[in-house]
Amino acid sequence: MTETRAGRQIHFMLLEMGAISHNNYGLWRHPDNKRRNFGDFDFWIEQAKTLERGLFDALFFADTLGISAGFGGTPDVALREGMHVPIHDPLVLIPAMAAATKHLGFAATSSTTYEHPFSFARRMSSLDMLSGGRVGWNIVTSYLPGAAANFGIEPLAHGTRYDRAEEYAEVAFKLWEQSWEEDALRLDTGASMVSDPSKVHAINHEGAHFKVAGPHLMSPTPQRTPVLFQAGSSDRGRAFAARHAEGIFIGGYTENILLSHVQDIRRIAAEAGRGHDEVRLFAECNIICAATDAEAEAKLADYMKLASADGYLAHRFGSGMDLSRYGHHEKIEDIIAAGGPGADHMARYPFPAGWTVGDIIEDAARLDRKRLFVCGGPEKCADEIERWSDTFDLDGFLMRGFLAPGTAGDFADFVMPELQRRGRYRTAYEGTTLRENLFGAGHKRLAENHPGAAFRRK
């Protein structure tokens with residue numbers, strides 16, 4: 001599939017979590033929201049089938065290994081709002097959904113800080129083989145103090161986490177790309193040989209963080225290495241993403257900041273020797289659509305009645321300043337100027353001058369004030385999606401789900417046909433693997449200039 005910067009086909013994934021609430025708090029109570037059934041495979045299978053009907057690239061699972069306690073100083077708000085807890089392990093959910101679909105991809109978040117690369121590499125290879133090559137890995141280093149406590153260790157310094165992540169990726173690439181030759185699995189009944197021992201190799205990795213002998217326990221899979229995603233926002237995180245990730249998630253509290261982040265990551269990726277079409281950039285978007293603008297506005301009003309400010313505040317500032325300690329009348333600029341825990345984190349947000357704690361609380365549950373938000377009928381939604389893609393040089397979007405599976409179903413019913421009519425959305429999946437759907441038919445494996453490809457046996 002040949003694409004240009006303007007007029008390219010637009011990719012979509014749905015942002016998910018194996019929990020009752022993710023990014024939209026209070027909406028689990030909506031009568032049309034099936035999230036209360038999160039403990040049933042049928043719920044997840046229906047969600048996956050709906051996404052495949054909408055020709056989404058993938059269902060993308062965020063994940064966490066700890067409960068946020070930044071808002072209010074305890075995990076009470078997170079527990080009450082269902083903010084990332086209770087939560088399933090996404091790698092347990094994917095097999096059921098993959099078995100019920102044929103083309104939809106599945107990306108799972110897994111931490112390089114608390115997971116060992118040898119066991120993780122095997123699980124991902126199993127998923128890749130059993131799904132026919134439809135899995136991806138969102139690489140995270142995990143920052144929550146509660147996660148470190150759950151594993152009985154002190155939180156690692158930011159630089160140490162990324163040093164470990166670099167070596168972790170190297171170990172994984174050696175297992176996926178180097179350990180087994182392409183034709184090592186023989187299944188030769190005449191020679192009574194399952195695998196050719198001469199073509200299966202130990203990796204004998206010894207580094208600062210890991211010592212892994214190998215060989216890998218799985219034979220080559222359709223993609224060998226799963227599609228690699230990353231969302232680092234720090235200088236070190238952006239450098240890691242530009243070097244390794246095939247799909248990068250870009251944030252920014254305003255449209256100007258978003259554009260600057262896109263331009264920055266494109267520059268860093270180019271300096272790392274990776275071309276524009278070798279990296280797919282995604283931003284989170286919020287779409288409420290219906291047959292008409294009026295019907296969509298009615299949906300928005302309906303959702304707003306249930307939106308919970310506490311949940312949004314706990315999510316947004318869970319690792320920063322505890323706003324529950326301050327009065328509604330206190331100005332944010334004064335709180336930041338006074339310093340204290342979380343002041344630096346809070347200063348990153350471009351709040352309007354003179355805003356108070358009360359203003360933030362009122363704003364938190366306003367769904368229509370989210371960045372990259374559109375509410376309307378098919379034409380209005382498609383207009384905005386095209387504007388976002390072309391203005392910010394984005395390859396696609398990570399769509400927030402307001403209702404499950406309603407949000408994805410609305411996209412499939414109303415927005416997808418309009419984008420297809422404009423030539424901006426696929427009419428069929430491009431291949432059999434997730435990497436092909438992102439980069440075109442025939443692109444099943446890592447690109448030759450990717451660092452992971454350097455470990456392949458020549």
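Calculation notes
- Residues numbered from 1 in each chain as written.
- Predicted model: local features only at pLDDT ≥ 70, side-chain atom pairs only at ≥ 80, totals over all residues.
- Heavy atoms only, no water.
- Core = buried A, V, L, I, M, F, W, Y, C linked by side-chain atoms within 4.5 Å.
- Buried < 20%, exposed > 50% of the residue type's maximum accessible area, 1.4 Å probe, protein only.
- Helix = DSSP H or I, 4+ residues; strand = E, 2+ residues; numbered from the N terminus.
- Contact = heavy atoms within 4.5 Å.
- Disulfide = S-S within 2.5 Å.
- Phe/Tyr/Trp six-rings, centres within 6.5 Å; stacked < 30°, edge-to-face > 60°.
- Salt bridge = Lys/Arg side-chain N within 4 Å of Asp/Glu carboxyl O.
- Axes fitted to C-alpha atoms, helices over the stretch in contact; angles between N-to-C directions.
- Parallel < 35°, antiparallel > 145°, perpendicular 65-115°, else oblique.
- Left-handed = near helix turned anticlockwise from the far one by under 90°.
- Nonpolar A, V, L, I, M, F, W, Y, C, P; charged D, E, K, R; others polar.
- Expected span 1.5 Å × (residues − 1).

**Describing the nonpolar core**
Stage number 1. Judged by nonpolar contacts, the single largest core of 77 residues is most densely connected at Phe12, Ile287, Ile385 and Phe411.
Stage number 2. In terms of residue count, helix α6 (residues 158-178) provides more of this core than any other element does, nine residues in total.
Stage number 3. When residues no more than four places from it in sequence are discounted, the contact partners of Ile385 are Ile10, Phe12, Ile287, Phe397, Phe411, Val415 and Leu419.
Stage number 4. Judged by nonpolar contacts, the second largest core, of 33 residues, contains Leu323, Phe351, Trp355 and Ala364.

**Concerning the state of the cysteines**
Stage number 1. Going through the model one piece at a time under the given rule, you end up with zero disulfides.
Stage number 2. Free of any disulfide, Cys285 has its nearest cysteine sulfur in Cys381, 9.7 Å distant.
Stage number 3. A relative accessible area of 0% places Cys285 in the buried class.
Stage number 4. Free of any disulfide, Cys381 has its nearest cysteine sulfur in Cys289, 5.0 Å distant.

**Description of the packing of aromatic side chains**
Here the distance between the centres and the angle between the planes together describe a pair of aromatic rings.
Stage number 1. For the coordinates displayed, the defined rule picks out 23 aromatic pairs.
Stage number 2. Taking the centre distance of 5.8 Å and the plane angle of 85° together, the rings of Phe60 and Phe229 count as edge-to-face. Remark: Phe229 occurs in strand β9 (residues 227-230) and Phe60 occurs in strand β2 (residues 58-61); sequence separation between them is 169 residues. Here Phe60 matches Phe229 in class, with each residue buried.

**Some words on the pattern of salt bridges**
For side chains bearing opposite charge, pairing can occur when the charged atoms are close.
Stage number 1. Evaluated as defined, the whole model comprises 38 salt bridges.
Stage number 2. In this structure, the salt-bridge partner of Arg8 is Asp395, at a minimum N-O distance of 2.9 Å. Of this pair, Arg8 sits in the segment before β1 (11-16) while Asp395 sits in the loop between α14 (378-391) and β13 (396-400), placing them 387 residues apart in sequence.
Stage number 3. On the basis of relative accessible area, Arg8 is assigned to the buried category, the value being 2%.

**Here we look at the packing of helix α1 (residues 41-53) against helix α15 (residues 406-421)**
Stage number 1. One way to put it is that α1 packs onto α15 with a least axis distance of 8 Å and a crossing angle of 10°. For the element pair α1 / α15, the angle class is roughly parallel. Considering only the axes of α1 and α15, their crossing is left-handed. Of α15, the residues touching α1 (which contributes Thr50, Leu51 and Arg53) are Ala408, Gly409, Ala412, Asp413 and Met416.
Stage number 2. Tallied by class, residues from the contact of α1 with α15 come to four nonpolar, two polar and two charged.

**Remarks on helix α9 (residues 293-304)**
Residues lying three or four places apart along an α-helix face the same way, a consequence of the helix completing one turn every 3.6 residues.
Stage number 1. Helix length check: α9 (12 residues) gives 17 Å between terminal C-alpha atoms against 16 Å at 1.5 Å per residue, within 8%.
Stage number 2. Packed against the buried residues of α9 are β11 (280-289) and β12 (373-376).

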